[in-house]
Amino acid sequence: MVPLELANTHPALRYCWHPVARSTDVAERPVRVLLLGEPWVLARLGEAGQLAAFPDRCPHRMAPLSIGSIVGAGDGAGQVLRCAYHGWCFGVDGRCVEIPALGPGSAHVPPKARLRAAAGVAERHGMVFLRLAAPEPGQAGAGALGSLAELPDVAEAHDPAFMAGDLPVLQARASAGLLADNFLDMAHFPFVHAATFGAEEPEVAPMTVERATSGPFGRWSYTSVSEHAFLNREDPGVAAGVRPLEQRRRVTYRVHAPFHLVLRLDFLDSGGTNVIGFFLQPETERSSRIFSTIWRDDVDHDPERMRSAVEFEVKVVEEDLAVQEAYDVLALPLDPTAEVHTRADRTTLELRRMLAELVEAAAALTGPARRLEWDAR
Ligand code: FES
Ligand SMILES: [Fe+2]
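Quick notes on the rules
Each chain carries its own residue numbering, running from 1 in the direction its sequence is written. As they are written, the chains are lettered A onward and the ligands numbered 1 onward, keeping that order. With pLDDT at 70 or above as the cut-off, local features in this predicted model cover only qualifying residues; side-chain atom pairs require 80 or more to be listed or tallied, and sums for whole chains, interfaces and linings still use all residues. Helix numbering and strand numbering both begin at the N terminus, where a helix is a DSSP run of H or I of at least 4 residues and a strand a DSSP run of E of at least 2. Here the globule rule is a power law, 2.2 Å times the number of residues to the power 0.38, and the radius of gyration is based on C-alpha atoms. The burial criterion counts other C-beta atoms lying within 10 Å of a residue's C-beta, which is placed from the backbone; the residue is buried at 20 or more, exposed at 12 or fewer, and partly exposed between these limits. For the purpose of contact definition, each residue receives a C-beta atom placed from its backbone, and two residues are in contact when these atoms lie within 7 Å. Between the N-to-C directions of two axes lies an angle of 0 to 180 degrees, each axis being a line fitted to C-alpha atoms and, for a helix, fitted only over the stretch in contact. Throughout this description, any angle smaller than 35 degrees is read as roughly parallel, any larger than 145 degrees as roughly antiparallel, any in the 65 to 115 degree range as roughly perpendicular, and the remainder as oblique. Left-handed describes a crossing in which the near helix is turned anticlockwise from the far one by less than a right angle; the clockwise case is right-handed. Basically, the charged four are Asp, Glu, Lys and Arg, the nonpolar ten are Ala, Val, Leu, Ile, Met, Phe, Trp, Tyr, Cys and Pro, and anything else, Gly included, counts as polar. The start and end points of each domain follow an automatic or database-based domain assignment. One less than the residue count of a helix, multiplied by 1.5 Å, gives the span that helix is expected to have. Directions are taken from the helix axis to each C-beta atom, and the arc is the one they span. In this analysis, strands are considered paired if DSSP registers two or more bridges between them.

Caption draft 1: Geometry of the overall build of the protein chain. Scanning the protein chain from terminus to terminus reveals six helices and 20 strands. For the protein chain, whose C-alpha radius of gyration is 23 Å, the value lies close to the compact-globule estimate of 21 Å for 377 residues. In terms of overall dimensions, the protein chain has a C-alpha envelope of 80 × 50 × 40 Å along the principal axes. Put simply, the protein chain has 377 residues, and 36% of those count as buried. Sequence separation of 24 or more characterises 60% of the internal contacts of the protein chain that already satisfy a separation of 6 or more.

Caption draft 2: Seen up close, the packing of helix H2 (residues 176-184) against helix H6 (residues 346-363). At a minimum axis distance of 8 Å, the contact between H2 and H6 shows a crossing angle of 150°. Considering their axes alone, H2 and H6 lie roughly antiparallel with respect to each other. Crossing angle aside, the handedness with which H2 passes H6 is right-handed. Between H2 and H6, the residues in contact are Ala180, Asp181 and Leu184 and Thr347, Thr348 and Leu351, respectively. Along the lines of polarity and charge, the residues of the contact of H2 with H6 split into three nonpolar, two polar and one charged.

Caption draft 3: Seen up close, the domain arrangement of the protein chain. Domain parsing of the protein chain yields domain 1 (5-122) and domain 2 (154-360). Domain 1 and domain 2 are separated by 34 Å when their C-alpha centres are compared. Facing the 17 residues of domain 1 at the interface are 22 residues of domain 2. Take the side of domain 1 that touches domain 2: its biggest share by element is four residues, from strand S2 (residues 17-22). A breakdown of the residues in the side of domain 1 that touches domain 2 according to their chemical character gives 10 nonpolar, five polar and two charged.

Caption draft 4: Focus on helix H5 (residues 303-324). With 22 residues, H5 extends 31 Å from end C-alpha to end C-alpha; this agrees with the ideal 32 Å at 1.5 Å per step. Along H5, the residues that are buried comprise Ala309, Glu313, Val317 and Gln324. Along the axis of H5, the buried positions cluster into a sector of 75°, meaning they face one direction only. The exposed residues of H5 that point more than 90 degrees off its buried face are Glu304, Arg307, Glu311, Lys315, Glu318 and Ala322.

Caption draft 5: Expanded view of the environment of Val251. Structurally, Val251 can be placed in strand S16 (residues 246-256). Once the C-alpha coordinates of Val251 and Met186 are considered, the two residues, 65 residues apart in sequence, prove to be 9.8 Å apart. Not counting the four nearest positions on each side in its chain, Val251 is found in contact with Ser226, His228, Leu263 and Leu265.

Caption draft 6: Seen up close, the sheet that holds S2. Strands sit in the order S2-S11-S10 across an open sheet of three strands; the sheet is antiparallel. Since the sheet does not close on itself, it has two edges, and those belong to S2 and strand S10 (120-124), each with one partner. Sheet twist, expressed as the average angle between the axes of neighbouring strands with direction ignored, equals 30°. Taken together, the five bridges between S2 and strand S11 (residues 127-131) define a ladder with antiparallel strand orientation.

Caption draft 7: Inspection of H6 at higher detail. A rise of 1.5 Å per residue sets the reference length of H6, with its 18 residues, at 26 Å; its end C-alpha atoms lie 26 Å apart and thus fit the reference within 8%. Among all positions of H6, only Thr347, Thr348, Glu350, Leu351, Arg352, Met354, Leu355, Ala356, Leu358, Val359, Ala361 and Ala362 are buried.

Caption draft 8: Spatial organisation of the pairing of strand S15 (residues 221-231). The pairing of strand S14 (residues 207-211) with S15 spans five bridges and is antiparallel. Bridge pairing in S15 places Met207 opposite Ser226. Both S15 and S16 contribute to a ladder of 11 bridges, which runs antiparallel. When the sheet's bridge partners are listed, Thr223 is paired in S16 with Arg254.

Caption draft 9: Inspection of the pairing of S11 at higher detail. The buried fraction of S11 amounts to five of the five residues, a majority that puts the element mostly inside the structure. As defined by bridge partners, S10 adjoins S11 across five bridges and the pair is classed as antiparallel. Paired with Ala122 across the bridge in S11 is Phe129. Count of turn residues in the S10/S11 antiparallel hairpin: two residues, of which His125 carries a positive phi of about 55°.

Caption draft 10: Just unusual backbone geometry, in detail. The omega angle of the peptide bond from Ala257 to Pro258 is -5°, so this bond is cis rather than trans. By the element assignment, Pro258 lies in the loop between S16 and strand S17 (260-267). Phi angles above zero are rare outside glycine, and Leu36 is one such case at about 55°. Among the secondary structure elements, Leu36 is positioned in the loop between strand S3 (31-35) and strand S4 (38-45). The backbone of Met62 sits at a positive phi, close to 65°, despite the residue not being glycine. Of note, Met62 is situated in the loop between strand S5 (50-55) and strand S6 (69-72).

If you want it as structure tokens, here you go:
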């Protein structure tokens, strides 16, 4: 059956990596984040301050752990997360190591007094990424989702020729699926971005769209390449009369499911490469956060030039949000008959196709039914 739409809380997204914080925002206090409608708590725990992620709910009486504190356990466990309500302490592996109401030591701690860790927590490019669930090995249908375990990378971030600049994290009343769609869409440039970079030529150049069939991400990634004309207002060669204002650039989109998007712009006339990373956090049904970083090899590692490049990008995203926040239905349609597609939409059609396959693959996995057990130790 064709899945109809992808909303921010769709259970298929549990198997995917999502950005949830800037690394620098997770320091000496627990941090609450929302992902797929669920609250999670991030904390640096243990001897080495290892990043841990747990549901933001104490197993005792369900107080949010994010209002607790990080304290030293003093018994070799390093830093632990202390619940604000009755003081239970949890280690980096999620085990409760202290229940103050039962006296010193951990001998009386019930085995179920533990936090269930996220399937994955990782830091990359200055962001914290979470993956909430992983298929059980041997579970029927697990194979198709196995390659979602790999966290995508931005190659240019490791190239010293490039300087990185982070946009402020933006929160929007918008769907992550629709924001991803918008980032990959080229036909809107002259209309939405007339005040920033929109070319006067509205025709979208032909593009190639190539879906991966193997490699570390399996079939959960694709690439789209095209070349088009644009107005290069930043090129000093234009002011000097060496090059025309209208120039050519190659546009390469690299997409990893679900919302890990990289746009690489190669300036074919003036030289230089700009990379825009766009990483989306589906927070709740009606809210998403946008993590965006740009990498440029044409700003001479000058912080001032990077600052103005970041400012420009923020303006571009705000232009996009004016449209995205006006949508009533906050979900990406996955039924190919729900919208009208043209050859100018091939890149965004592939997003729908890939995510529809992901939803179908995830639908094959369902958890076991739960029993009620009353138990006080
Ligand atoms: S609710 Fe957390 S210790 Fe009781
Ligand atoms: Fe846009």
